[in-house]
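What the coordinates show
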Amino acid sequence: MGVFDRLPPMDHLRSEKMCFVQLIIPAESARVAVTYLGELGLLQFKDLNEDKSPFQRIFVNQVKRCAEMSRKLRFLSDHINKAGVRSSVRPALEPDIDLEELEARLGEHEHELLEMNTNSDKLQQTYNELLEFKLVLTKAGGILASSHNHAASAERELDENIYDREVDEGNAYLLEQGVHQGSSGNSGVRFVSGIILKSKALAFERMLFRATRGNMLFNQAPAGEPVTDPISGEEVEKTVFVVLFSGEQAKTKILKICDSFGASCYPVPEEMIKQRQIFNEVSARLSDLEVTLDAGIQHRNKALESVGSQLWRWTIMVKKEKAVYDTLNMLNFDVTKKCLVGEGWCPIFAKSQIKDCLQRATLHSNSQVGIIFHEMDTTESPPTYFRTDKFTNAFQEIVDAYGVARYQEANPAVYSVVTFPFLFAVMFGDWGHGICLLLGALVLVLREKKLSSQKLGSFMEMAFGGRYVILLMAIFSIYCGLIYNEFFSVPFHIFGKSAYECREKSCSDAHTAGLIKVRDPYPFGVDPSWYGSRSELPFLNSLKMKMSILMGVAQMNLGIMLSYFDARFHGNALDIRYQFIPQMIFLNSLFGYLALLILIKWCTGSQADLYHVMIYMFLDPAGDLGENQLFWGQKELQILLLLLALVAVPWMLFPKPFILKKLHKERFQGHTYRFLGTSEMDPDSEPDSARARHDDFNFSEVFVHQMIHSIEFVLGAVSNTASYLRLWALSLAHSELSTVFYEKLLLLAFGYNSVILKAAGLIVFAFATAFILLMMESLSAFLHALRLHWVEFMNKFYHGDGYKFKPFSFALLADDED
C-alpha cells in the first residue's frame, strides 16, 4: 500500500471541510450583520427556535410587513402584466430608499391604482349600459314601428267592415289601443322594453305569459353581435324585447319578472322624434365616455410604467429584507445581554471572509461592542458542499438526484463527467446522429447568456440546464460512431480501404460473394465490409457484447477502488482488510478472469467458446479444456481463482463483526453494553468516529448488516455484470432501427422516379430520425446510462445519505419566494 501513500491528496474529489461556528451579535448590529452574510452566502444558520411557531418568534411583525409589501408588489405586477405595459430596459436610477419609505410608497401606489380601477370600472359599466340602451332604442323602435303599421292596417280593415269585430278581441284590441297610447291615459296599452340573455329569452317569455294569463304581446329581436354585459363585463349573446300589456298590476309583475331573470329594462319613447332625440343624446354621451376612458387608461398606464421601472429593484429589496428577518428569527435572543446568538456551518476557507463581513457590520452599525465569532465542537454530521461551476453543476445534480454524498465522501460526479457521456455514446454510437445532437447542444451553449435571462418551458429549461452534458454526450457519440463506422447506419471508408476484397476479380457484389483478406486490418473502427455481409450480425453481436462486459468490469473495479480510498481517508483499516480486499478478489476471480479471456481471445484469434469455459469452471474445474484452452496453465489458474472466490465470501462475512465486538470489549472492560458510546465512559473516543454516536453496540445487528452487505455484493456482482449487457442491447437496437429507417424509408422512396415520392420519403425519414432516434432513443440511452451509474457503479462505494450545504445567500433566493 505504499504506492497509494505517495499519491497526492484527493481534496478536490471530496466535499469542502466544514466547521461549526457560533455568533454572538449585539442587537443593534444584528440586521446589518445578517445582511452582509447574505451577500457573502457562505454560512448556513441552524434554527435554534424549532420548538416555536412562526408567530412566537421575535421579528414576526417585520416578517408580516415584508409579506404585505410582497403582496402589494404582486398586485402591481399583475396589473402591469394585464395592461401589457413594458418597462424600460434600463430602469430609471433613483436614490436608495429604506424599508419604511418603500412601504409608504407602495401603499400610495396601491391606493391610487385601486381608486383608478374603481373609477374605470364605473365608467366602463356606464358605457356598457349606454351601449345596451342604444341597441334597445334601435331594435325596440323597429318593433314598435312595425306594431304601429300593423295597427293602422287593422283600423282600415275595421272601417271597411272586412271582418267582424267579434272574431278576435285579443291581439287586435291591444294593437288598436297601442296606436292611441299617448291619449288613452291609464286605460291604454303600455309596453316595457329591455334586453336579456339569449339563453333566457324562451323561459322569460313563458313566465310572462303565465303571469299575465296571456294578456300581453312579446316581441323580440336578436342583438346581432355579442354584447358586453355591464355587470360581469363579459361578451354574451343577448336579445332585445318589447312587452305590450295593459294595466298597472301587469306592469308590476312584468318588472319583477325582468328583475328576477336579470333583464335590463330601458325607457323607450313611443314617438319617433323623441327616439331620435334620445338616440343622439346617448351617442354623444358614448363619445364623451370613450374619450374619458382612453384618457383614464393612458393615465393608469403612465403610472404603471413609472412603477414598472422600479418594480424589479423593489421586489429584490423586499425579498432580501424578508430573508434577513426570517434568518434573524432562527437566532436566540438573550434578553439580559441584549444580543442574538446564532449557530451554523461554514467552509473552513470562508472563516476569514465571514470575520471581515462581521467587522464591517460592526463599523457600519456604529456598535460599541464587536461581534464574537468562534468555532464549536459538535457531534452532528456536517453538511456536504461541493464548489461547482456551470460545466460541472449538471453532473453534480445527476449524482445528487440519487443521494447527497456524506461529508468528505468520494464524489462520483468527478468520474461521471467522463463515464456518463461515454456509456451513453456506447448505446447511441452513430456519428451522424452525434453531429445532430452536437448542433443542438452548441445552440444552447453559444446562446446561454440570452437563454438564461428568458423564461423557458419545462422541457427547454431541463435541456438548457444540462447543455454541457448534452455537449459531451454528442462528442462521445461521434467518437463511438466512428468506431462503429456508422453514419445514419451507413458505413464509410473514412480511414482508408477495407482489408477485404472479392475472392474473384469478376466479383461485382462484395456483400454476397466471398471475401478474402488482402491487406492489414482497417486502421480505426469497424471495417465497412462487415456491414451488409452474412456475418454482420454475429460479428457485431460478439463485439459489442464482449465490449460491454469489459466496460462493466472496469467500472465496477473503479467503484471498489474508490471504496478503498474512502476507507483509507477515514482511517478505517477494517473496511480495507475485510471488505475491499475480498471484494476485489471475488469480482476479479470470476468476471475479471472473463475479461482477461476476452482480451486473450481477441489477441490470439482463438475459436474457444468462453461460455463453455465459464460454465465448466464451476461444474468441472478439473476437467480437460480441450479446444477451449487459451493459454498454458489455464486449468490450474481457474481452480485457484475458484478457490479464492469461495474464500472471499466468508472473508467478507465473518471477521469484521467479531473484530468489532472484541474491540468494544477491550475498550469498555467492566462496563455493560448500555454504557457504550457515552462521553463519560469514553473520554478518548474520536468525535468523528461512527461508533461514538451510537448508544450501544449490538452484535447481532452488526452481524446481520454485514451478512446482508456480503450477500448483496455476491449476488450483485453477477446481476450488475449482466446489467452492463444493456450497452450491447441498446447499441444493437439503435443501429438496427436506424438501418430500417434508411432502407425502408429513404432508399425505398428514392427507388421511384416520382419527385413527390422522393420528397415524401425524405420528409418521413427526417421526422423519424428526429423524433424517434434523436429524441426517444437518446432519452432511453440517457436513462440506461443513469441506471448504470446509480446502481451498478455507485453502490460499490457511495452511501449518499448526507445533506446539502444550504447557506443563507441572496443569490440563491428563489424567484417565486414570498
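Just so it is clear, the structure is predicted and the values come from calculations on it, not from any experiment. (Residues numbered from 1 in each chain as written. Predicted model: local features only at pLDDT ≥ 70, side-chain atom pairs only at ≥ 80, totals over all residues. Heavy atoms only, no water.)

**Side note on the overall build of the protein**
Filter applied, for reference: Only DSSP runs of H or I with at least four residues qualify as helices, and only runs of E with at least two residues qualify as strands; both kinds are numbered from the N terminus onward. When checking whether two residues touch, look at their non-hydrogen atoms; a contact exists if any pair is within 4.5 Å.
Counting its regular elements, the protein contains 24 helices and 13 strands. Counting contacts in the protein only where the partners sit at least 6 residues apart, residues at least 24 apart contribute 79% of the total.

**Notes on the side chain of Gln583**
Formally: Categorising residues by exposure relies on relative accessible area from a 1.4 Å probe, with only protein chains included: less than 20% of the type maximum marks a residue as buried, more than 50% marks it as exposed, and the intermediate range marks it as partly exposed.
Within the element layout of this structure, Gln583 appears in helix H18 (residues 573–604). With relative accessibility at 4%, the residue Gln583 sits in the buried group. Residues contacting Gln583, with those up to four places away along its chain left out, are Ile560, Met652, His709 and Phe713.

**Structural notes on the UniProt feature "transmembrane region" (unreviewed entry) in the protein**
The following threshold applies: UniProt positions are given in the numbering used here, feature names are shortened, and annotations may be inferred rather than shown by experiment.
UniProt marks residues 422–446, 467–484, 547–565, 585–602, 637–654 and 755–776 with the feature "transmembrane region" (unreviewed entry), using the numbering shown here. A distance of 30 Å separates the end C-alpha atoms of residues 755–776, which is 100% helix and 0% strand.

**Focus: the packing of aromatic side chains**
Given two aromatic rings, one states the distance between the centres and the angle between the planes to describe the pair. Spelled out, the test is: Only Phe, Tyr and Trp rings take part, Trp by its six-membered ring, and two of them pair if their centres are within 6.5 Å. Stacked means planes under 30 degrees apart, edge-to-face means over 60, and tilted covers everything else. Definition used: whenever NZ (Lys) or CZ (Arg) falls within 6 Å of the ring centre and also within 35 degrees of the ring normal, the charge is taken to sit over that ring.
Overall, the coordinates contain 36 aromatic pairs when judged by the stated rule. Considering the side-chain rings of Phe20 and Trp345, the 4.9 Å spacing of their centres and the 65 degrees angle between planes classify their relative orientation as edge-to-face. Of this pair, Phe20 sits in strand E1 (residues 18–26) while Trp345 sits in strand E10 (residues 339–347), and the two are 325 residues apart along the sequence. Summarising the burial analysis for this pair, Phe20 and Trp345 share the class buried. Aromatic ring contacts, followed pair by pair, group Tyr402, Trp790, Phe793, Phe797 and Tyr798 into a single cluster. Over the ring of Phe464 we find Arg467, and its NZ or CZ is 4.2 Å from the ring centre.

**Points about the UniProt feature "coiled-coil region" (unreviewed entry) in the protein**
Within the UniProt annotation, "coiled-coil region" (unreviewed entry) is assigned to residues 99–126. Here residues 99–126 is 100% helix and 0% strand, with 40 Å between the C-alpha atoms at its ends.

**Here's the deal with the nonpolar core**
Where we set the bar: Buried Ala, Val, Leu, Ile, Met, Phe, Trp, Tyr and Cys residues form a nonpolar core when they are joined through side-chain atoms within 4.5 Å.
One finds Phe586 and Leu727 to be the most contacted residues of the largest nonpolar core, which totals 90 residues. Per-element accounting of this core gives the leading share, 13 residues, to H18. One finds Val21, Ala303, Trp314 and Phe373 within the second-largest nonpolar core, a separate group that totals 57 residues.

**Structural notes on the pairing of E1**
Convention followed: Strand pairing follows a simple DSSP-based rule, namely that at least 2 bridges must link the two strands.
With respect to burial, E1 is a largely interior element, eight of its nine residues being buried. In the sheet, E1 pairs with E10 via nine bridges, with the strands oriented antiparallel. Across the sheet, residue Met18 finds its bridge partner in E10, namely Pro347. Across five bridges, the pairing between E1 and strand E11 (residues 372–376) is antiparallel. Along E11, the bridge assignment pairs Val21 with Glu375.

**Some points on the side chain of Gln579**
Summarising the element assignment, Gln579 is placed in helix H18. In this structure, Gln579 is in contact with Leu574, Lys656, Gln706 and His709, ignoring residues within four places of it in sequence.

**Let's talk about the pattern of salt bridges**
To keep it simple, the criterion reads: A pairing counts as a salt bridge when a side-chain nitrogen of Lys or Arg comes within 4 Å of a carboxyl oxygen of Asp or Glu.
Counted under the stated rule, the structure contains 21 salt bridges. The salt bridge involving Arg71 is made with Glu68; its shortest N-O contact spans 2.6 Å. Of this pair, Arg71 and Glu68 are both found in helix H3 (residues 60–83), three residues apart, which corresponds to roughly one turn of the helix. A relative accessible area of 34% places Glu68 in the partly exposed class. We note a salt bridge from Arg787 to Glu792, for which the minimum N-O separation is 3.0 Å. For Arg787, a relative accessible area of 34% translates into the label partly exposed. The class for Glu792 is buried, based on a relative accessible area of 0%.

**Concerning the sheet that holds strand E3 (residues 189–197)**
Rule in force here: Working convention: axes come from line fits to C-alpha atoms, limited for helices to the stretch in contact. Angles between N-to-C directions cover 0 to 180 degrees.
Taken together, the four strands give an open sheet; going across it, the order is E4-E7-E3-E8, and neighbouring strands pair in antiparallel fashion. In the strand order of this sheet, the two ends are held by strand E4 (216–222) and strand E8 (264–265), each with one partner. The pairing of E3 with strand E7 (residues 238–246) spans nine bridges and is antiparallel. Pairing of Ile196 across the sheet is with Thr239, part of E7. Packed onto the sheet, helix H7 (residues 201–211) meets E3, E4 and E7 and runs at close to 170 degrees relative to E4.

**Some thoughts on H18**
Inclusion rule: What is called the bend at a residue is the angle between a pair of axes, fitted to the seven residues leading up to and ending at it and to the seven starting from it.
In H18, a bend of some 45 degrees at Asn588 exceeds every other bend along the element. Looking one or two residues beyond H18, the residue adopting positive phi is Gly605, at roughly 75 degrees.

**Quick notes on helix H16 (residues 467–484)**
Condition: By this rule, a helix spans an expected 1.5 Å times one less than how many residues it contains.
Taking 1.5 Å of rise per residue, the 18 residues of H16 would be expected to cover 26 Å, and the 25 Å separating its terminal C-alpha atoms lies within 8% of that figure. Most of H16 is tucked away: 13 of the 18 residues are buried.

**What to know about the environment of Leu328**
Note on placement: Leu328 falls in helix H9 (residues 272–328). Overall, the relative accessible area of 1% leaves Leu328 in the buried class. Linking Leu328 and Arg31, residues 297 residues apart in sequence, is a C-alpha distance of 7.6 Å. Each residue touching Leu328, except ones within four places of it in the same chain, is listed here: Ala30, Arg31, Val34, Phe59 and Leu340.

**Digging into the state of the cysteines**
To be explicit about the condition: When two cysteine sulfur atoms are found within 2.5 Å, that pair is recorded as a disulfide.
By the definition in use, this model includes zero disulfides. Cysteine Cys346 is unpaired, with the sulfur of Cys19 as its nearest cysteine sulfur at 3.6 Å.

**Some remarks on the packing of H18 against helix H21 (residues 655–667)**
Threshold: Angles below 35 degrees are treated as roughly parallel, those above 145 as roughly antiparallel, those between 65 and 115 as roughly perpendicular, and all remaining angles as oblique. Polar here means any residue outside two lists: the nonpolar Ala, Val, Leu, Ile, Met, Phe, Trp, Tyr, Cys and Pro, and the charged Asp, Glu, Lys and Arg; Gly therefore counts as polar.
Relative to each other, H18 and H21 sit at 155 degrees, their axes nearing to 10 Å. With respect to their mutual orientation, H18 and H21 come out roughly antiparallel. In contact with Leu574, Asp575, Tyr578 and Gln579 of H18, H21 contributes Pro655, Lys656, Ile659, Leu660 and Leu663. Taken together, the residues of the contact of H18 with H21 sort by class into six nonpolar, one polar and two charged.

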